Amino acid sequence: MTTDPITENPGAPKSFNRFAIVLLVTLALLPPALFYSGNPFWLDVFTRLVILALAAVSLNLVLGYGGLVSFGHAAYLGLGAYAVGVPVYHATYGGFESIASYNGWVHLGLAIGVSALFALITGAICLRTRGVNFIMITMAFGQMVFYAIVSIETYGGDDGLTIDVRSEFPGISLDNPLTLYALCYLSLVAVLYLVHRITGSRFGMVLRGARANEQRMRAIGIDCYRYRLVAFVISGALCGYAGFLLGNFTTFISPEMMDWTRSGELMFIVILGGAAYLYGPIVGAIVFIILEEVLSGYTVYWHLPFGLLLIFSVLFLRGGLSGAMDKLTGRSQ
Amino acid sequence: MESSIFLIQLLNGLQLGILLFLLSAGLTLTFGIMDFVNLAHGSLYMLGAFFCASLTLWSGSFIVGILLALPLAAAAGWLLEWLVVRHLYERDHLDHVLATFGLILCLDTLVHIGWGPAGIAIPLPDWLNGQVELLPGLLFPSFRLLIIATGIVAAAGLYWMVNHTRLGMLIRAGASNRTMVGALGIDIKTLFSGVFAIGAALAGLAGMLVAPITEASIGMGNDIIITAFVVIIIGGIGSMKGAFVAAILIGMIDTMGRSFLDDIFKLLMSTEAAETAAPAISAMLVYIMMAIILTFRPQGLFPPKTR
């Protein structure tokens, strides 16, 4: 067997550790338990949490592992959600026969396909630039989708669009909140496993190598651009899938969900949880949801402590919560 | 008739371009000299508008309001630099983006607490409320003319400052080699604070000029800041000349697209299709242009020389 200089790299990604397992088991058991003990509200909170975590995991693939600071990921959430809303709208009110459908597979295909295509086109342009240009350009493309949707009055423009019928799959009904939660949860686990496999593979090594030192990667004959583009497309498609789930969960979609401040929140989730930690985005999503639910219960001005926390975590908490936890337990990445 | 509409839209485009330049000038200064990405620049634009609104209502004069609000906006910039921004210069861009995103949330909320959720309209004096006949049959609001004039004066002042004053010399020197300027005995920290405050004042000025048209409202900076980013990306990040050219270009294209694209589309397709497609395309026009320019020139139109 020939040795590959890349997979020989000793810095293999950390496998699922105990903490991650506790986290996932809790997410599997707690929400249904709360639901059956008469707190259906909390099941909704957890569904949102899991969907946000899923989107953050997809962002983490490029942001954490690839070092590509994408500030436009909310656009993919939106594209995925509109991939449910638009076919349902046309199936209900007519027009645009080619995509009008209640069929969940159509929605799923559209969500992933459109997101991947958008990621491919914009990624091909964005990835030609570095650093701060990349941040701003991804942001600008995200905002482009936002404005485009705002200006299409057929789909409600600013006011948004109500999804009258959830995606229909044979055998299961997403109208049942537990079924929907199960789908979201299993998707999260599957995507975590996928990202785990990707980052551990040769491809993932190249991606992380390109973040650490692009020149060296080029010196050993690797075209970082192509690897990054593939990672960007995978990330976009996964985030679009999260959007598909989000659309089915909220049954109401509006351009507001893809505003650039939403992308900022996704980045906050990834960074606070700990970028380049597999389960970091889940930790981040939990903290984000807790902050949102708790703080917004106390005051309408909850963005103030939230913003302050963000500033403080950047100034003082490097490596995010997962990094801090590793430091406490004496592990380092 | 058609040509007068065209001329008016041309002036509107120029006015939008001038406002964008005022905003992106501050971004370019802070990025060029300090390598700092400031998302909260739009919040300074908003603060300027609110300061001006309150001071105008208090003093009864829009001009007094502007004159008093300008130093306040600069002071707000100075304070932000001292409190947060200063501690981030050594960090990477990701940290800049996250921390200034946090600043936006804080400032938006503080304005909400201070001024309430509703927007504030700024009353204009009578001599600014009318219209001016530029050419026979060509009427243009005098306030918009004032915006254009103020912007041009500010741009000229900035050009003079950067190229012909000692401060400008330090700014240019700082942009090309920070460490060396510090080694030559210049107080870099104060210079950075000063530049940040100038940028804040320019952004605030843009906000003050917009507020009488749109009213001062929470989050008003969060939309336009993205367009300002597009401007400095197209212009070449860190290049003042690039920012000016790109700002005018974007202002023109955005305005023209919104006014005339549906007419152009109607020549090519059915009226119904044109009325659906034109708003979406014109909303995306600026970004499409950015994509095209970046495809050919990834560093923008006027990339500054690498350090």
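Being a predicted model, the structure only gives us computed values, none of them experimental.

About the thresholds
Residues numbered from 1 in each chain as written. Chains lettered and ligands numbered in written order. Predicted model: local features only at pLDDT ≥ 70, side-chain atom pairs only at ≥ 80, totals over all residues. Heavy atoms only, no water. Helix = DSSP H or I, 4+ residues; strand = E, 2+ residues; numbered from the N terminus. Rg over C-alpha atoms; globule rule 2.2 N^0.38 Å. Buried < 20%, exposed > 50% of the residue type's maximum accessible area, 1.4 Å probe, protein only. Contact = heavy atoms within 4.5 Å. Areas by Shrake-Rupley, 256 points an atom, 1.4 Å probe, with all protein chains shown as cover. Lys, Arg positive; Asp, Glu negative; His and termini not counted. Charge placed at Lys NZ, Arg CZ, Asp CG, Glu CD. pLDDT = per-residue confidence, 0-100. 1 Å grid on protein atoms, 1.4 Å probe; cavity = no way out; pocket = protein on both sides within 12 Å on 5 of 7 lines; lining within 4 Å. Points joined across faces, edges and corners; volume = space filled by probe spheres on them. Nonpolar A, V, L, I, M, F, W, Y, C, P; charged D, E, K, R; others polar. Salt bridge = Lys/Arg side-chain N within 4 Å of Asp/Glu carboxyl O. Buried area = accessible area lost by both parts, 1.4 Å probe. Polar contact = N/O pair within 3.5 Å; in protein donor to acceptor, adjacent residues only side chain to side chain. Core = buried A, V, L, I, M, F, W, Y, C linked by side-chain atoms within 4.5 Å. Pairing = 2+ DSSP bridges. Patch = residues over 30% accessible without salt bridge, like charges linked within 9 Å, V, L, I, M, F, W, Y side chains within 5 Å. Phe/Tyr/Trp six-rings, centres within 6.5 Å; stacked < 30°, edge-to-face > 60°.

S.K.: What exactly am I supposed to notice about the overall build of chain A here?
M.R.: From N to C terminus, chain A includes 13 helices and 2 strands. The C-alpha radius of gyration of chain A comes to 20 Å, within 12% of the 20 Å expected for a compact globule of 333 residues. Considering chain A as a whole, with its 333 residues, one finds that 57% of them fall into the buried category. Contacts in chain A between residues far apart in sequence, at least 24 positions, make up 79% of those at least 6 positions apart. For chain A, the accessible area works out to roughly 13800 Å², and carbon and sulfur atoms hold 64% of it.

S.K.: What exactly am I supposed to notice about the overall build of chain B here?
M.R.: For chain B, the count of helices and strands is 12 helices and 2 strands. On C-alpha atoms alone, chain B measures out to a radius of gyration of 20 Å, which is about the 19 Å that the 2.2 N^0.38 rule sets for 307 residues. Along the first, second and third principal axes, the C-alpha atoms of chain B reach 65 × 50 × 35 Å. Of all 307 residues assigned to chain B, the portion counted as buried reaches 55%. A separation threshold of at least 6 residues defines the contact pool for chain B, and within that pool the share at least 24 residues apart is 77%. Total accessible area computed for chain B in this model is approximately 12800 Å², and 68% of it derives from carbon and sulfur atoms. Taking the average place of the 13 positive charges on the side chains of chain B and the average place of its 17 negative ones, the gap between the two points comes to 16 Å.

S.K.: Is there a simple way to think about the confidence of the model for chain A in this case?
M.R.: Reading fine detail from the predicted coordinates is not recommended where pLDDT is low. Residue and element names in this part refer to chain A. In the predicted model, chain A carries a mean pLDDT of 85, and the fraction of residues at 70 or more is 93%. Element-level mean pLDDT values for chain A span from 71 in helix H13 (residues 320-328) up to 94 in helix H9 (residues 224-250). Every residue in residues 1-15 scores below 50 in pLDDT, and together they form 21 contacts with partners more than four places removed in sequence or on other chains.

S.K.: What should I look at first to understand unusual backbone geometry in this one?
M.R.: Trans peptide bonds make up the majority, and among non-glycine residues the majority have a negative phi. Of note, the phi angle at Thr251(A) is positive, near 50°, even though the residue is not glycine. Inspection of the secondary structure puts Thr251(A) in the loop between H9 and strand S2 (252-253). Phi at Glu215(B) is positive, roughly 80°, even though this residue is not glycine. Looking at where Glu215(B) falls in the secondary structure, it is placed in the loop between helix H9 (188-214) and helix H10 (220-235). Looking at Glu215(B), the relative accessible area reads 31%, which means it is partly exposed.

S.K.: Whenever I open this one, empty space enclosed by the protein confuses me. Can you help?
M.R.: A water-sized probe, rolled over the atoms, reveals where empty space remains. Residues and elements named next belong to chain A. By the definition in use, this model includes 2 cavities of 30 Å³ or more. Considered as a void within the structure, the second largest cavity measures approximately 50 Å³ in volume. As for the second largest cavity, its lining consists of Ser-70, Gly-72, His-73, Tyr-76, Phe-118, Thr-122, Cys-126, Thr-138, Phe-141, Gly-142 and Phe-232. A class-by-class count of the residues in the lining of the second largest cavity yields 5 nonpolar, 6 polar and no charged.

S.K.: Whenever I open this one, the pattern of salt bridges confuses me. Can you help?
M.R.: Any two side chains of opposite charge can pair, given that their charged atoms come close. All names here are of chain A. Counted by the stated rule, this structure contains 10 salt bridges over all chains. Across the salt bridge formed by Arg-48 and Glu-292, the nearest N and O atoms sit 2.2 Å from each other. With Arg-48 in helix H2 (residues 40-65) and Glu-292 in helix H11 (residues 280-298), this pair connects stretches of sequence that are 244 residues apart. For Arg-48, a relative accessible area of 26% translates into the label partly exposed. The partner of Glu-214 in a salt bridge is Arg-228, and the shortest N-O contact between them spans 3.3 Å.

S.K.: Sorry if this is basic, but what is going on with the interface of chain A and chain B here?
M.R.: Put simply, an interface is often sized by how much accessible area is lost when its parts join up. On the side of chain B, 45 residues touch chain A, which itself brings 40 residues to the contact. Carbon and sulfur atoms supply 80% of the area that chain A and chain B bury against each other, a total of about 3900 Å² over both sides. For the pair chain A and chain B, the interface holds 0 salt bridges. The interface formed by chain A and chain B includes 4 residue pairs in polar contact (both at pLDDT 80 or more). For the side of chain A that touches chain B, the element with the highest residue contribution is helix H5 (residues 131-151) of chain A, accounting for 14 residues. The residue inventory of the side of chain A that touches chain B, partitioned by class, reads 27 nonpolar, 10 polar and 3 charged.

S.K.: In this structure, what is going on with the environment of Trp105(A)? I would like to understand it.
M.R.: Residue and element names in this part refer to chain A. By the secondary structure assignment, Trp-105 is in helix H4 (residues 104-126). The spacing of Trp-105 and Leu-61 is 44 residues in sequence and 25 Å in space, taken between C-alpha atoms. Apart from the residues within four sequence positions on either side, Trp-105 is in contact with Phe-169 and Pro-170.

S.K.: Explanation requested: the environment of Ser142(B) in the structure shown.
M.R.: Residue and element names in this part refer to chain B. With respect to the helices and strands, the residue Ser-142 is situated in helix H6 (residues 142-164). Judged by relative accessible area, Ser-142 falls into the buried class, the value being 10%. Distance from Ser-142 to Met-252, taken between C-alpha atoms, is 19 Å for residues 110 residues apart in sequence. Aside from chain neighbours lying at most four places away, what touches Ser-142 is Trp-127, Leu-128, Asn-129, Gly-130, Gln-131 and Val-132.

S.K.: I would appreciate a short explanation of the environment of Phe50(B) in the present structure.
M.R.: Residue and element names in this part refer to chain B. Tracing the sequence through the fold places Phe-50 in helix H2 (residues 41-59). Separated by 71 residues in sequence, Phe-50 and Ala-121 have C-alpha atoms that sit 9.6 Å apart. When near neighbours in sequence (up to four residues on either side) are disregarded, Phe-50 contacts Val-111, Trp-115, Ile-120, Ala-216, Ser-217 and Ile-218.

S.K.: For this particular structure, what's the right way to read the nonpolar core?
M.R.: The nonpolar side chains of a soluble globular protein tend to be buried, and buried together. Residues Phe141(A), Leu188(A), Trp260(A), Met267(A), Ile282(A), Leu39(B) and Met290(B) are the most contacted members of the largest nonpolar core, which totals 225 residues. With 17 residues, the top contributor of residues to this core is H2(A). Setting aside chain neighbours within four positions, we find Leu39(B) in contact with Phe71(A), Met139(A), Trp260(A), Val97(B), Thr100(B), Phe101(B), Ile104(B), Ile225(B) and Phe229(B).

S.K.: Just checking my understanding: could you explain the pairing of strand S2 (residues 138-141) of chain B for this structure?
M.R.: Remember that side chains alternate between the two faces of the sheet whenever the strand is regular. Residues and elements named next belong to chain B. Covered by surrounding structure in S2 are Leu-138 and Phe-140 only, the residues Leu-139 and Pro-141 on the alternate face being uncovered. Inspection of the sheet shows strand S1 (residues 131-135) paired to S2 by 4 bridges, in the antiparallel sense. In the strand pairing of S2, Gln-131 is matched with Pro-141. The antiparallel hairpin formed by S1 and S2 contains 2 residues in its connecting segment, where Gly-137 sits at a positive phi of about 85°.

S.K.: How should I be thinking about a nonpolar patch on the surface in this particular structure?
M.R.: Residue and element names in this part refer to chain B. Residues Phe-6, Leu-7, Leu-10, Leu-134 and Leu-135 make up a contiguous nonpolar surface patch of roughly 390 Å² in combined accessible area. When contributions to the nonpolar patch are tallied by element, the ones reaching two or more residues are helix H1 (2-34) and S1. Element by element, the count of residues in the nonpolar patch is highest for H1, at 3 residues. Of note, Leu-135 is situated in strand S1. The partly exposed category is assigned to Leu-135, whose relative accessible area is 46%.

S.K.: How do you make sense of the packing of aromatic side chains when you look at a structure like this?
M.R.: One pair of aromatic rings is described through two measures. These are the centre distance and the angle between the planes. All names here are of chain A. Counted by the stated rule, this structure contains 29 aromatic pairs over all chains. Plain terms: the ring middles of Trp-105 and Phe-169 are 5.0 Å apart, the flat faces sit at 85° to each other, and that makes the pair edge-to-face. Linking Trp-105 in helix H4 with Phe-169 in the loop between strand S1 (161-162) and helix H6 (177-200), this pair joins segments that are 64 residues apart in sequence. Trp-105 sits in the exposed class, given a relative accessible area of 53%. Look at Phe-169 and you get buried, because its relative accessible area is 14%. Centroid distance Tyr-181 to Tyr-185: 6.3 Å. Interplanar angle 20°. Geometry classified as stacked. Placement of the pair is Tyr-181 and Tyr-185 together in helix H6, with a separation of 4 residues, close to one helical turn. With a relative accessible area of 13%, Tyr-185 lands in the buried category. Members of the aromatic cluster, connected to one another through ring pairs, are Trp-105, Phe-169, Tyr-241 and Phe-244.

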